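A structural walkthrough
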Amino acid sequence: MPVRQESGDTGWQLAPGEACSWVAPKAHLLEVVEGRLWITCTRRGEPLARDVVLARGETLRVERGDRLVLEGWPGARFEFKLVREPRARRPQAAQQPGWIAELRGILGGRRVAAGGG
């Protein structure tokens with residue numbers, strides 16, 4: 001299954017009659033830049049595959065472990081963009097126990113060196 005990679009590590013091109021397969025190492029957003037792309041996607045843990053056809057500008061979220069077979073219909077240029085998941089937020093002072101918020105108010109946000117003296 002030949003596939004040509006374009007400049008950078010996320011741009012790919014399939015000519016008419018070309019196909020490729022790919023297993024997502026992480027969550028990605030697949031976006032069609034030009035042409036149409038026929039995708040057969042097997043989701044991890046699901047017994048059946050599904051077919052999707054995307055045109056220029058359309059996207060498909062691909063989860064870690066998904067198996068894709070991609071074919072240009074008749075040809076396509078596409079990109080994989082890494083999905084950045086939001087990081088867990090630290091609790092705010094109002095969500096912390098009351099004594100922590102009270103101590104911060106007393107200290108005025110100053111740090112106190114440990115170990116006394």
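Residues numbered from 1 in each chain as written. Predicted model: local features only at pLDDT ≥ 70, side-chain atom pairs only at ≥ 80, totals over all residues. Heavy atoms only, no water.

This next bit is on the overall build of the protein. Across its full length, the protein holds one helix and seven strands. When the 117 residues of the protein are sorted by exposure, 25% land in the buried category. By sequence separation, contacts in the protein at least 24 residues apart represent 65% of the contacts at least 6 residues apart. Here the protein displays about 8500 Å² of accessible surface, and carbon together with sulfur accounts for 52% of that area. (Helix = DSSP H or I, 4+ residues; strand = E, 2+ residues; numbered from the N terminus. Buried < 20%, exposed > 50% of the residue type's maximum accessible area, 1.4 Å probe, protein only. Contact = heavy atoms within 4.5 Å. Areas by Shrake-Rupley, 256 points an atom, 1.4 Å probe, with all protein chains shown as cover.)

Attention now moves to the pattern of salt bridges. Here the structure, examined in full by the defined rule, presents five salt bridges. In this structure, a network of salt bridges that share partners links the residues Glu31, Glu79 and Lys81. (Salt bridge = Lys/Arg side-chain N within 4 Å of Asp/Glu carboxyl O.)

Below, the discussion takes up the environment of Gly11. One can find Gly11 in strand β2 (residues 11-14). Taking the C-alpha atoms as reference points, Gly11 and Val32, 21 residues apart in sequence, are found 9.8 Å from one another.

In this section: the nonpolar core. Core analysis: the biggest nonpolar cluster contains 17 residues, and Leu30, Leu37, Ile39, Leu54, Leu68, Leu70 and Phe78 have the highest contact counts within it. Secondary structure elements with two or more residues in this core: β4 (28-42), β5 (50-55), β6 (59-62) and β7 (67-82). If we ignore the near neighbours within four places in the chain, the residues touching Ile39 are Leu30, Arg50, Asp51, Val52, Leu54, Leu60, Leu68, Val69 and Leu70. (Core = buried A, V, L, I, M, F, W, Y, C linked by side-chain atoms within 4.5 Å.)

Within this structure, the stated rule accounts for three aromatic pairs. Taken together, a centroid distance of 5.8 Å and an interplanar angle of 90° make the contact between Phe78 and Phe80 edge-to-face. Owing to a relative accessible area of 1%, Phe78 belongs among the buried residues under this scheme. Feature note: the residues Trp22, Phe78 and Phe80 constitute an aromatic cluster, connected by ring pairs. (Phe/Tyr/Trp six-rings, centres within 6.5 Å; stacked < 30°, edge-to-face > 60°.)

The subject of this paragraph is the confidence of the model for the protein. The pLDDT averaged across the protein works out to 79; a share of 63% of its residues lies at or above 70. Long-range and interchain partners of residues 1-9, a stretch whose pLDDT sits below 50, account for 21 contacts in this model, where long-range means more than four residues apart. (pLDDT = per-residue confidence, 0-100.)

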